[in-house]
Amino acid sequence: MPPRWPRKPDRKDPDYRKIDDRMNFAVHVAIAATINSGLWFFHILKDTPWEWLPWVTLSWTGIVLVHLIYISAIANYTETPPKST
């Protein structure tokens, strides 16, 4: 069941930006886990000589951790003031 938003979605709304970033993170983790586990499954099943696979796993894990740090510590979800003309 998808999350329901009580008002019209607007990227200027800080609450909407926060939940949107967290849903994007969840999709990123799901894609990384799916592809990575599939690669490891076939690597183990077929006994392939993929020396690059641990590097792919570590790289993708690093990217996911950077994404997590960004949405939890760096991203600013405060109300943006209107621009003066």
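On a predicted model such as this, the values are computed, not experimentally measured, just so you know.

K.L.:
Could you give an account of helix α2 (residues 53–74), naming the residues involved and the relevant values?
P.N.:
The end-to-end C-alpha separation of α2 is 30 Å, in line with the 32 Å expected for 22 residues at 1.5 Å each. Residues Leu53, Thr57, Val64 and Ile71 constitute the buried set of α2. Each buried residue of α2 sits inside an arc of 65° when the element is viewed along its axis, so together they form one side. α2 presents Trp55, Leu58, Val66, Ala73 and Ile74 as exposed residues on the side facing more than 90 degrees away from its buried surface.

K.L.:
Outline the packing of helix α1 (residues 14–46) against α2, supporting the account with residue identities and numerical values.
P.N.:
Running from N to C, α1 and α2 point in directions that differ by 170°, and their axes come no closer than 11 Å. Judged by the angle between their axes, α1 and α2 are roughly antiparallel. Looking at the contact of α1 with α2, its residues break down into 14 nonpolar, six polar and two charged.

K.L.:
Give a description of the packing of aromatic side chains that names residues and reports values.
P.N.:
Inspection of the entire model under this criterion finds two aromatic pairs. Ring centres of phenylalanine 41 and phenylalanine 42 lie 5.2 Å apart, and the angle between their planes is 75°; this geometry places the pair in the edge-to-face category.

K.L.:
With reference to specific residues and values, describe α1.
P.N.:
Spanning 33 residues, α1 covers 48 Å between terminal C-alpha atoms, matching the ideal 48 Å at 1.5 Å per step. Listed in full, the buried residues belonging to α1 are Pro14, Arg17, Asp20, Asp21, Phe25, His28, Ala32, Asn36 and His43. At the exit of α1 stands aspartate 47, carrying a positive phi of roughly 55°.

Conventions used here
Residues numbered from 1 in each chain as written. Predicted model: local features only at pLDDT ≥ 70, side-chain atom pairs only at ≥ 80, totals over all residues. Heavy atoms only, no water. Helix = DSSP H or I, 4+ residues; strand = E, 2+ residues; numbered from the N terminus. Expected span 1.5 Å × (residues − 1). Buried < 20%, exposed > 50% of the residue type's maximum accessible area, 1.4 Å probe, protein only. Arc of directions from axis to C-beta. Axes fitted to C-alpha atoms, helices over the stretch in contact; angles between N-to-C directions. Parallel < 35°, antiparallel > 145°, perpendicular 65-115°, else oblique. Nonpolar A, V, L, I, M, F, W, Y, C, P; charged D, E, K, R; others polar. Phe/Tyr/Trp six-rings, centres within 6.5 Å; stacked < 30°, edge-to-face > 60°.

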